Amino acid sequence: QVQLVESGGGLVQAGGSLRLSCTASRRTFDRYAMAWFRQAPGKEREFVAAIRWSSGNSYYAESLKGRFTISRDNAKNTVYLQMNSLKPEDAAVYSCAADVDYHSDLSQGANYDYWGQGTQVTVSS
């Protein structure tokens, strides 16, 4: 079993930045990709960004390109989400996920096998 633990959430003013981290409890588990999703109250879970673990290729929700950056540190077994120019509508619980099988479409939450508990991001206007 793999546990994913997120950190870095909090309260930030609009226009500010946050960096989220997600560390896997087990260093050696095969994963093809990791991703960030978010869910605001009363809304469906939304894809934010994903990264293929071996190649480092990254993918983003179209609406978030240019403000959010996903990256990974293999040595630290950690994936990051750098969020800049935050807006009130970015407020949500952000969760990381790991995909242990290859999927061409990384935006579908159903393709992920492990999930973190989530970290709250609040953006004040």
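About the criteria used
Residues numbered from 1 in each chain as written. Predicted model: local features only at pLDDT ≥ 70, side-chain atom pairs only at ≥ 80, totals over all residues. Heavy atoms only, no water. Helix = DSSP H or I, 4+ residues; strand = E, 2+ residues; numbered from the N terminus. Rg over C-alpha atoms; globule rule 2.2 N^0.38 Å. Disulfide = S-S within 2.5 Å. Buried < 20%, exposed > 50% of the residue type's maximum accessible area, 1.4 Å probe, protein only. Core = buried A, V, L, I, M, F, W, Y, C linked by side-chain atoms within 4.5 Å. Contact = heavy atoms within 4.5 Å. Pairing = 2+ DSSP bridges. Axes fitted to C-alpha atoms, helices over the stretch in contact; angles between N-to-C directions. Salt bridge = Lys/Arg side-chain N within 4 Å of Asp/Glu carboxyl O. Phe/Tyr/Trp six-rings, centres within 6.5 Å; stacked < 30°, edge-to-face > 60°.

Let's talk about the overall build of the protein
A count of helices and strands for the protein gives zero helices and 11 strands. Shown N-terminal to C-terminal, the secondary structure of the protein runs as helices and strands in the order β-β-β-β-β-β-β-β-β-β-β. In terms of C-alpha radius of gyration, the protein reaches 13 Å, essentially the compact-globule figure of 14 Å for 125 residues. Along the longest, intermediate and shortest principal axes, the C-alpha atoms of the protein span 40 × 25 × 25 Å.

Side note on the state of the cysteines
The final tally for this structure, using the stated rule, is one disulfide. With a sulfur-sulfur separation of 1.9 Å, Cys 22 is cross-linked through a disulfide to Cys 96. On the S-S bond that ties Cys 22 to Cys 96, the torsion sits near 45°, and the link is right-handed. Placement of the pair is Cys 22 in strand β3 (residues 18–24) and Cys 96 in strand β9 (residues 92–99), with a sequence separation of 74 residues. For Cys 22, a relative accessible area of 0% gives the class buried.

Concerning the nonpolar core
Counting residues in hydrophobic clusters, the biggest one holds 38 residues, and the most contacted among them are Leu 4, Trp 36, Leu 81, Met 83 and Tyr 94. Listed by contribution, the elements that provide at least two residues to this core are β3, β4 (33–39), β5 (46–52), β7 (68–73), β8 (78–83), β9 and β11 (119–124). Beyond its immediate stretch of four places on either side in the chain, Tyr 94 contacts Glu 6, Leu 20, Trp 36, Phe 37, Arg 38, Val 48, Phe 68, Leu 81, Met 83, Gly 118, Thr 119 and Val 121.

Structural notes on the sheet that holds β3
Taken in spatial order, the four strands of this open sheet run β1-β3-β8-β7, and their pairing is antiparallel. Where the open sheet ends on each side, the last strands, each with one partner, are β1 (4–7) and β7. Pairs of neighbouring strands in the sheet enclose a mean axial angle of 15°, with direction left out of account. Bridge analysis of β7 against β8 gives six bridges, and the strand direction is antiparallel. Looking at β8, one finds that Asp 73 is bridged to Thr 78.

Focus: the pattern of salt bridges
Scanning the model with the defined rule gives four salt bridges in all. Here Lys 65 makes a salt bridge to Glu 62, at a shortest N to O gap of 3.2 Å. Glu 62 sits in the exposed class, given a relative accessible area of 60%. The salt bridge partner of Asp 90 is Arg 67, with a shortest N-O separation of 2.7 Å. Linking Asp 90 in the loop between β8 and β9 with Arg 67 in the loop between β6 (58–60) and β7, this pair joins segments that are 23 residues apart in sequence. Taken individually, Asp 90 and Arg 67 each receive the classification buried, so the pair is uniform in this respect. Through salt bridges that share partners, Arg 38, Glu 46, Arg 67 and Asp 90 make up one connected network.

As for the packing of aromatic side chains
With the rule as written, the count across this model stands at five aromatic pairs. Geometrically, the ring pair formed by Tyr 32 and Tyr 102 is edge-to-face, given 6.2 Å between the ring centres and 80° between the ring planes. Of this pair, Tyr 32 sits in the loop between β3 and β4 while Tyr 102 is found in the loop between β9 and β10 (114–115), placing the two residues 70 residues apart along the sequence. For the pair Phe 37 and Tyr 112, a centre-to-centre distance of 5.4 Å together with 75° between the ring planes defines the contact as edge-to-face. A residue pair is termed long-range when its members are at least 10 positions apart, and Phe 37 in strand β4 and Tyr 112 in the loop between β9 and β10 qualify at 75 residues.

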